[in-house]
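# Coordinate analysis (summary)
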Amino acid sequence: MNLAPRPKRARPTLADVAQIAGVSVMTVSAVLSGKKSTSRFSAETQQRVLEAAAELRYRPNVNARALVEGRSNAIGVVAHLLSDEPNLYFLEVLTGILAAAREHAHSVHILALESWSEAEHQIPKLCNGSVDAVVLVGPMFESAAEHWLPRALPYVSIHSNTEVPGITDIGVDEEQGAYEAVREIIRLGHRRLVHLAGPVGSVGADRRRRGFVRALEDAGLPLTTDAIVSDDYTREGGKAATARWLDSHVGQPLPDAIFCAADGIALGCLDELKQRGIAVPAQVSVVGFDDNVLARAAGLTSVRQPLPDLGREAVNQLLDEQGGVRDTYGRPWVRYLHLPTSLVKRETLIERATSPANPAAAARKAARKTTKK
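Because the structure is predicted, anything quoted here is derived from the model rather than measured.

## Focus on the layout of surface pockets
Volume-wise, the largest pocket comes out at about 1,200 Å³. For the lining of the largest pocket, the secondary structure elements donating two or more residues are strand S1 (74-80), helix H5 (88-103), helix H8 (203-218), helix H9 (235-247) and helix H10 (263-275). Looking at side-chain class alone, the lining of the largest pocket contains 14 nonpolar, 15 polar and 11 charged residues.

Shown next, in the form of structure tokens:
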């Protein structure tokens, strides 16, 4: 038996394709790269080049092209992913990033952080020439990023918890989304409301908290000191926050509805209510924020963010129609792009027998009617 190694077949080159097609190497390069200058070649010439490339099974050397063009045709994506719970928010955003990157003929490199404290050391390593641009998903930098973030690349952020000069932040109007959801909860007859908020100090959590408070104020409902409970954006955080509120209100009326700052929090809330035998929505309505895949599977009413669209828009902001990178960094301002939200009603929210949102105001109104009579 002959065990001698088989000779390695040489990889076909542009020169090989040019020789078979009977044209110059420059012509082959222009035709196969799809450059606009291709239009100056006849259809017959282009066809000969394509047939020759197919015959040789020619594949472009991506690394060599990157060196020549000074581009990697890759986008970096940075997110906090290394935790016990899957980050469903990120997975749906990533769907949009991947789709748009494919349309621009770019690959995607993911940098998974255990915490944002690693960002200052890890992101510069990503920006060593392996990517052309970077999407920051939910960044929460612990130091001023303008002092250490490499300036050679363009960036965009999605739902940033840190303002960085010159970086466009893409998201939704979280305060208004929360406000409209809570107003609808109140319109359906709920009067005793509790808000399970995200972590203190999170920009997104603060915005959703403000929307909750503003909706109560506009409806004339009191904001009690125990109406807001903060914890992590996780299922465990939601379960723990619900348990704390229930344990501190033993023997007291349940809330009519619980508005949660994230679907993960809402799912944990549902877990705790079910464990205690509290029926949803018969006794308590529950509403989340995000409308991720688990929320949809659980029949959870939620404020829908167009998560894949956020990822797609991030890539479109970074790359132009020809796949080239845009100059997005170095400007002394932060720009915001807001996509719309909507409340998606499912089984966890019902209408209750209505009572006046502001009993005192209702009493005064009734008294005025009696006086007029």
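Don't stop here, the text continues.
## Here we look at the environment of Gly138
Position of Gly138 among the secondary structure elements: in the loop between strand S3 (133-137) and strand S4 (155-158). When its relative accessible area of 18% is taken as the criterion, Gly138 is described as buried. In sequence terms Gly138 and His159 are 21 residues apart; their C-alpha atoms lie 4.9 Å from each other.

## Description of the state of the cysteines
Counted by the stated rule, this structure contains 0 disulfides. Not engaged in a disulfide, the cysteine Cys260 finds its nearest cysteine sulfur in Cys269; these two sulfurs lie 4.6 Å apart. Residue Cys260 is classed as buried on the basis of its relative accessible area of 0%.

## Examining empty space enclosed by the protein
Tallied over the entire structure, the rule returns 1 cavity of 30 Å³ or more. Here the largest cavity is characterised by a volume of approximately 40 Å³. Every element with two or more residues in the lining of the largest cavity is listed here: strand S6 (193-197) and H9. Here the lining of the largest cavity takes 3 residues from H9, the largest share from any one element. Residues that form the lining of the largest cavity fall into these classes: 6 nonpolar, 1 polar and no charged.

## Description of unusual backbone geometry
Here the residue pair Val280 and Pro281 is connected by a cis peptide bond, since its omega of 5 degrees sits within 30 degrees of zero. Relative to the elements of secondary structure, Pro281 occurs in the loop between H10 and strand S9 (285-290). For Ala105, which is not glycine, the phi dihedral falls at a positive 60 degrees. With respect to the helices and strands, Ala105 occurs in the loop between H5 and strand S2 (107-113).

## A word on the pattern of salt bridges
Where charged atoms from two side chains of opposite charge come close, those side chains can pair. One pass over the structure, following the stated rule, counts 18 salt bridges. In this structure, Asp206 engages Arg209 in a salt bridge whose closest nitrogen and oxygen atoms are separated by 2.6 Å. Of the two residues, Asp206 and Arg209 are both situated in helix H8; the distance of 3 residues between them amounts to about one turn of the helix. Of the residues examined, Asp206 reaches a relative accessible area of 24% and is grouped as partly exposed. Arg346 is paired through a salt bridge with Asp291; the nearest N and O atoms lie 2.8 Å apart. With a gap of 55 residues between them, Arg346 in the loop between strand S12 (342-344) and helix H13 (359-372) and Asp291 in the loop between S9 and helix H11 (293-298) connect regions that are remote in the sequence. Of the two residues, Arg346 and Asp291, both sit in the buried class. A single network of salt bridges, built from pairs that share partners, joins Glu174, Arg207, Arg208 and Asp290.

Conventions and cut-offs
Residues numbered from 1 in each chain as written. Predicted model: local features only at pLDDT ≥ 70, side-chain atom pairs only at ≥ 80, totals over all residues. Heavy atoms only, no water. 1 Å grid on protein atoms, 1.4 Å probe; cavity = no way out; pocket = protein on both sides within 12 Å on 5 of 7 lines; lining within 4 Å. Points joined across faces, edges and corners; volume = space filled by probe spheres on them. Helix = DSSP H or I, 4+ residues; strand = E, 2+ residues; numbered from the N terminus. Nonpolar A, V, L, I, M, F, W, Y, C, P; charged D, E, K, R; others polar. Buried < 20%, exposed > 50% of the residue type's maximum accessible area, 1.4 Å probe, protein only. Disulfide = S-S within 2.5 Å. Salt bridge = Lys/Arg side-chain N within 4 Å of Asp/Glu carboxyl O.

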